[in-house]
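Here is what each chain is made of, one letter per residue.
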Amino acid sequence: MLDSITRGFKKAKTFLVTGGAGFMGSEFVRQKLKNLNDRIIVLDFLTYAGNLDNLKEFLNEENIIFPLEQEAILNVKRYWENENFSYEIERIDYDFERIRYKTKDYKVTLIRLNELQEKVLEILKKQKFVFVIGNIMDKKITNILFNISDIIVHYAAETHVDRSIIDADSFIKTDIYGTYILLESLRKNKNVEKFIHVSTDEVYGPAPEGVSFKETDPINPKNPYSASKASADRLCSAYHNTYGVPIIIVRPSNNYGPYQYPEKAIPLFITNALEDKPLPLYGDGKNVRDWLYVEDCCRAIDLVIEKGEIGEVYNIGASQEIQNIKMANKILEILNKPKDLIKFTKDRLGHDRRYSLNWNKIKGLGWKPEIDFEIGLEKTVKWYKENQEWWRKIKEKSLEYKKFYQLYYNRRKE
Ligand SMILES: NC(=O)c1ccc[n+]([C@@H]2O[C@H](COP(=O)([O-])OP(=O)(O)OC[C@H]3O[C@@H](n4cnc5c(N)ncnc54)[C@H](O)[C@@H]3O)[C@@H](O)[C@H]2O)c1
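Treat the numbers as computed from the prediction; the structure is a model and nothing was measured.

Moving on: the overall build of the protein. When helices and strands are tallied, the protein shows 16 helices and 15 strands. Considering only C-alpha atoms, the protein reaches an extent of 60 × 55 × 35 Å along its principal axes. The burial tally for the protein puts 45% of its 414 residues in the buried class. For the protein, long-range pairs separated by at least 24 residues make up 83% of all intrachain contacts whose partners lie at least 6 apart in sequence.

With that settled, consider the site of the ligand. Residues in close proximity to the ligand total 30 residues, the closest being Gly 19, Gly 22, Phe 45, Gly 50 and Ala 157. Of all the secondary structure elements, the ones that give two or more residues to the shell around the ligand are helix H2 (23-32) and helix H8 (169-188). Of all the elements, H2 adds the most residues to the shell around the ligand, at 3 residues. The class makeup of the residues in the shell around the ligand is 14 nonpolar, 13 polar and 3 charged.

Helix H11 (residues 294-307) packs onto H2 with a crossing angle of 65° between their chain directions and a minimal axis gap of 9 Å. Classified by the angle their axes make, H2 and H11 are roughly perpendicular. Crossing angle aside, the handedness with which H2 passes H11 is right-handed. Facing Phe 23, Met 24, Glu 27, Phe 28 and Gln 31 of H2, the residues of H11 in contact are Val 294, Glu 295, Cys 297, Cys 298, Ile 301 and Asp 302.

Turning our eyes to something else, we now look at the sheet that holds strand S1 (residues 14-18). A sheet is described by the order of its strands in space; here 9 strands give the open sequence S4-S3-S5-S2-S1-S6-S7-S8-S13, paired in parallel fashion. The strands lining the two open edges of the sheet, one partner per strand, are strand S4 (109-112) and strand S13 (313-316). Within the sheet, the average angular offset between the axes of one strand and its neighbour, ignoring direction, is 25°. Inspection of the sheet shows strand S7 (residues 194-198) paired to strand S8 (residues 247-252) by 4 bridges, in the parallel sense. Across the sheet, the residue bridging to Val 198 is Val 250, located in S8. Taken strand by strand, helix H5 (residues 116-126) contacts strand S2 (39-44), strand S3 (64-68), S4 and strand S5 (129-133), and its axis lies near 150° from that of S5.

Quick look at the packing of helix H10 (residues 265-274) against helix H12 (residues 324-335) now. Two numbers describe how H10 lies on H12: the axes approach to 10 Å, and their chain directions differ by 35°. Between H10 and H12 the crossing geometry is right-handed. Here Ala 265, Phe 269, Ile 270, Ala 273 and Leu 274 of H10 come into contact with H12, specifically with Asn 324, Ala 328, Ile 331, Leu 332 and Leu 335.

Another point: H8. Compared with an ideal rise of 1.5 Å per residue, which puts 20 residues at 28 Å, H8 spans 28 Å between its outermost C-alpha atoms and is within 8% of the ideal. Remark: the principal bend of H8, roughly 25°, maps to Tyr 177. For H8, every residue scored as buried is listed here: Phe 171, Thr 174, Asp 175, Gly 178, Thr 179, Leu 182, Leu 183, Ser 185 and Leu 186. Against the buried residues of H8 lie helix H6 (139-147), strand S6 (151-154), helix H7 (161-166), S7 and helix H9 (224-243).

Turning next to the environment of Ile 394. Structurally, Ile 394 is set in helix H15 (residues 388-397). We classify Ile 394 as buried; it has 20 C-beta atoms within 10 Å. Separated by 346 residues in sequence, Ile 394 and Tyr 48 have C-alpha atoms that sit 9.3 Å apart. Not counting chain neighbours up to four residues away, the residues in contact with Ile 394 comprise Tyr 261, Pro 262 and Tyr 401.

Below, the discussion takes up H5. Taken residue by residue, H5 has Leu 116, Val 120 and Ile 123 as its buried positions. Projected down its long axis, H5 carries its buried residues within an arc of 65°, all on one side. Structural note: H5 exposes Lys 125 and Lys 126 on the side pointing more than 90 degrees away from its buried face. Where H5 is buried, its residues meet S2, S3, S4, S5 and H6.

Below, the discussion takes up unusual backbone geometry. One non-glycine residue, Leu 46, adopts positive backbone phi at about 50°. Here Leu 46 falls in the buried class, since 21 other C-beta atoms lie within 10 Å of it. In the Ramachandran plot, Tyr 259 falls in the positive-phi region, its phi being about 70° despite a non-glycine side chain. A count of 23 C-beta atoms within 10 Å places Tyr 259 in the buried class.

Position of Leu 268 relative to the elements: it lies in helix H10. Overall, the presence of 22 C-beta atoms within 10 Å leaves Leu 268 in the buried class. When sequence neighbours within four positions are dropped, the list of residues in contact with Leu 268 reads Pro 262 and Glu 263.

Next up on the list: the environment of Lys 77. You can see Lys 77 is positioned in helix H3 (residues 70-81). Overall, the presence of 14 C-beta atoms within 10 Å leaves Lys 77 in the partly exposed class. Sequence-wise, Lys 77 and Leu 110 are 33 residues apart; in three dimensions their C-alpha atoms are separated by 8.6 Å.

Analysis parameters
- Residues numbered from 1 in each chain as written.
- Predicted model: local features only at pLDDT ≥ 70, side-chain atom pairs only at ≥ 80, totals over all residues.
- Helix = DSSP H or I, 4+ residues; strand = E, 2+ residues; numbered from the N terminus.
- Buried ≥ 20, exposed ≤ 12 C-beta atoms within 10 Å, placed from the backbone.
- Contact = placed C-beta atoms within 7 Å.
- Near = placed C-beta within 6 Å.
- Nonpolar A, V, L, I, M, F, W, Y, C, P; charged D, E, K, R; others polar.
- Axes fitted to C-alpha atoms, helices over the stretch in contact; angles between N-to-C directions.
- Parallel < 35°, antiparallel > 145°, perpendicular 65-115°, else oblique.
- Left-handed = near helix turned anticlockwise from the far one by under 90°.
- Pairing = 2+ DSSP bridges.
- Expected span 1.5 Å × (residues − 1).
- Bend = angle between axes of the 7 residues up to and from the residue.
- Arc of directions from axis to C-beta.

Spatial relationships are all this shows, so hold off on functional conclusions.
Below is the structure:
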């Protein structure tokens, strides 16, 4: 059955994208679905950062599935249909209330776990895309999905440094243990041709003035987020070295663009400015980031899938380093808002001063970023201006967002 789906067409591939409802993962899916042949399975747990609206145009009545054990299905149905029914389940952190909230505008089909493979293949016979709600730590699910995929692109992670400073628990679980579960599935499923692990430039730690890190430089993560990403990065390398499994690691610099959750600096500043609210800027505002437009980053990852060498690491940078304060000022200029909206706040604990990558290696494969920061920022501002419904739903309706904002910014004023 698998052959007829994935190998029956000449170049057709089935991609499993973890974290495909997030910012970067959803851009990758959008780019891939433009290709006539490829099929995509997204595996995403719909945490606070995962958003079905990011993939709205590809979702329909049939292609969102939520695999569960038989007994859980009955209980979840009762729980969702009856306000008075409370239901606890022991499986990995499944917060059914959150998933209900996240999926309320969509039709989700609850299916039995032992029907997952059959169901996914059935959907992929009719269309190119299927969305599976599930946790990367759930090895029953990952084993099944790896068995029917050719290429894995692993984006799923807890990603916000500030949250990792408040509580690193979910970072250790998802970023490290979750990656380990995927690597174990990779060992078992020899059909998988390539596993792309999306790491980060933050694993190198802060770059001294004048230095841009190469892939061979030692890693030196300095906060709980980057330390969990560094652990996952090294686990991938260890699995390749020990078991010979086909892994490539990419380390992109800071991405920006449409659909980024508005707790991250650029979308936070843009949306706050649109609401005439203060832009909370850490410390002296002189921390430097190398900004990479998300479309450019996903093109780079696609090229690595095609031309990258198994076992190698590829930095993906843009050489567009800019201080945070300059970035904030540019946003205010584009929106024609006053500079005094910038409010300096207490610095992030352990805040890395500067990130910088040498990306000659991926340049050698034939990639370079196409979108200058100035243009990319204008495009991004325009997107947030024109898609207010998308971010207002998060900022105004999500309790999770309000809780974090209150905890992190309102209490940190100096
Ligand atoms: N955004 C950046 O600037 C940047 C830069 C370099 C590397 N990265 C890496 O790229 C990847 C994607 O980043 P992003 O900014 O798109 O993140 P994001 O926070 O927007 O999205 C993360 C996605 O992962 C999903 N997820 C989280 N835990 C999960 C779990 N246990 N099981 C299944 N799905 C789960 C979430 O629901 C969400 O859809 C991450 O691995 C991140 O570390 C990001």
